[in-house]
Amino acid sequence: MFDLTSRTALVTGGGQNIGAGIAQMLATAGARVLVNDLRAERAENIVADIVENGGQATAVPFDVTDRDAVLAAVADFGPVDVLVANAGNGGAEDMLPKRFAETVPEDWQGPMEVNLLGVLYCCHAVLPGMVERGHGRIIAISSAAGTHGVGIGFAPYSVGKGGALSLLRSLALEHGRDGITANSVALGVMDSVREETVAAFRKVIPVGRLGTPDDVAAACLWLASDEASWVTGQTIGLNGGAFTS
Ligand SMILES: NC(=O)c1ccc[n+]([C@@H]2O[C@H](COP(=O)([O-])OP(=O)(O)OC[C@H]3O[C@@H](n4cnc5c(N)ncnc54)[C@H](O)[C@@H]3O)[C@@H](O)[C@H]2O)c1
């Protein structure tokens, strides 16, 4: 088991599903987890669950697309040793029912703001403290939409996800000598898709199942650990073999 005792981890969008799974696993490994979510009650529920299981956690509700709120939260609850930039809409809500040529600029804002600017603001807020302490782990929860593209209606989401993983590559280069690593995990189809599509996806995923929050959390735990200090600037595909690299 990787040991995160004495580390503080900020998990954005940690109030449900994948982010909640990550928050819970990092807490089990000993981290003090700052559970962020736009929806305070979701963050509080996950905090209650972590504390009930003997972990340490604090609910830190804010909107990752509000830069002032991000800065205030990091100033109030930091310093942050591990940032997991997970907040997003699970992909589906960011799918537009039209091709890019038929969109208007207002359509691009939501997917670009949360998936790109949200990651940018959080990284920018936590980095100075990480540099000062000579240690940090930054992990972005990206998507095959950002590495490969996943179909009609996802162009702005893909730009957001691809932009964020590109940012993390740059941070890896800039901060390699500061003890800071920056990596992304690019997810394939997760088990939160609509019930009626599960069987169809199972057929085309080589390992024969959809991804779970624990699949993602396990990768984040490793990337957050001291043992992964030589892994930086990488985008790791978690997709059951659906997108080979
Ligand atoms: N579910 C999938 O199939 C899938 C696939 C590829 C990538 N991803 C990525 O994984 C991440 C998590 O996905 P999920 O399925 O758990 O999503 P989800 O929608 O189930 O949960 C996301 C959480 O983030 C919160 N959130 C949304 N916007 C926020 C904001 N601006 N500030 C703070 N919190 C905010 C929501 O309130 C919610 O609790 C996302 O970045 C998503 O793009 C998901």
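First things first, this report covers the structure right here in the doc. Model, not experiment: these values are computed from the prediction.

### Observations regarding the side chain of Arg 7
Following the sequence through the fold, Arg 7 ends up in the segment before β1 (8-11). Excluding its chain neighbours within four sequence positions, the residues that come into contact with Arg 7 are Ala 31, Arg 32, Asp 81, His 135 and Asp 226.

### Observations regarding the nonpolar core
Looking at soluble globular proteins, one finds that nonpolar side chains tend to be buried together. Grouped together as the largest cluster of nonpolar side chains are 35 residues, with contacts concentrated most on Ile 22, Leu 26, Val 33, Val 35, Val 84, Ile 141 and Val 216. Look past the residues within four positions of Ile 141 in its chain and what remains in contact with it is Ile 22, Val 84, Ala 85, Asn 86, Lys 161, Val 185, Leu 187, Val 216 and Cys 220. Judged by nonpolar contacts, the second largest core, of 32 residues, contains Phe 62, Val 114, Leu 127 and Met 130.

### Section: the sheet that holds strand β6 (residues 180-187)
Overall, parallel pairing links the seven strands, which are arranged β3-β2-β1-β4-β5-β6-β7 in an open sheet. The strands lining the two open edges of the sheet, one partner per strand, are β3 (56-59) and β7 (235-238). With direction set aside, neighbouring strand axes in the sheet form an average angle of 20°. In this structure, strand β4 (residues 82-85) lies alongside strand β5 (residues 136-143), joined through four bridges in parallel fashion. Residue Leu 83 lies in a different strand from β5, and its bridge partner there is Ile 138. Relative to β3, helix α2 (residues 40-52) is tilted by about 165°, and along the sheet it contacts β2 (32-35) and β3.

### Topic: empty space enclosed by the protein
Within the structure shown, the criterion is met by two cavities of 30 Å³ or more. The computed volume of the largest cavity comes to approximately 50 Å³. Surrounding the largest cavity, Ala 85, Ala 87, Val 114, Asn 115, Val 119, Ala 140, Ile 141, Ser 142, Lys 161 and Ala 164 form its lining. Broken down by secondary-structure element, the contributors of at least two residues to the lining of the largest cavity are α4 (105-133), β5 and α6 (155-175). Residues that form the lining of the largest cavity fall into these classes: seven nonpolar, two polar and one charged. Quantified by volume, the second largest cavity comes out at close to 40 Å³. For the second largest cavity, the full set of lining residues is Leu 10, Leu 34, Val 60, Phe 62, Ala 73, Val 74, Phe 77, Gly 78 and Val 80. Among the elements that make up the lining of the second largest cavity, the one with the highest residue count is helix α3 (residues 67-77) (three residues).

### Some points on the site of the ligand
Surrounding the ligand, one finds 27 residues, the nearest of these being Gln 16, Asp 37, Asn 86, Tyr 157 and Lys 161. Contact distances for the ligand include 2.9 Å between an oxygen atom and a side-chain N or O atom of Asn 17. Compared with its free state, where it exposes 830 Å², the ligand has 92% of that area covered by protein. Where the shell around the ligand is concerned, the elements lending two or more residues are α1 (17-28), β5 and α6. Ranked by residues supplied to the shell around the ligand, first place goes to β5 with three residues. Of the residues that constitute the shell around the ligand, the class distribution is ten nonpolar, twelve polar and five charged.

Calculation rules
- Residues numbered from 1 in each chain as written.
- Predicted model: local features only at pLDDT ≥ 70, side-chain atom pairs only at ≥ 80, totals over all residues.
- Heavy atoms only, no water.
- Helix = DSSP H or I, 4+ residues; strand = E, 2+ residues; numbered from the N terminus.
- Contact = heavy atoms within 4.5 Å.
- Core = buried A, V, L, I, M, F, W, Y, C linked by side-chain atoms within 4.5 Å.
- Buried < 20%, exposed > 50% of the residue type's maximum accessible area, 1.4 Å probe, protein only.
- Pairing = 2+ DSSP bridges.
- Axes fitted to C-alpha atoms, helices over the stretch in contact; angles between N-to-C directions.
- 1 Å grid on protein atoms, 1.4 Å probe; cavity = no way out; pocket = protein on both sides within 12 Å on 5 of 7 lines; lining within 4 Å.
- Points joined across faces, edges and corners; volume = space filled by probe spheres on them.
- Nonpolar A, V, L, I, M, F, W, Y, C, P; charged D, E, K, R; others polar.
- Near = heavy atom within 4 Å.
- Polar contact = N/O pair within 3.5 Å; in protein donor to acceptor, adjacent residues only side chain to side chain.
- Areas by Shrake-Rupley, 256 points an atom, 1.4 Å probe, with all protein chains shown as cover.

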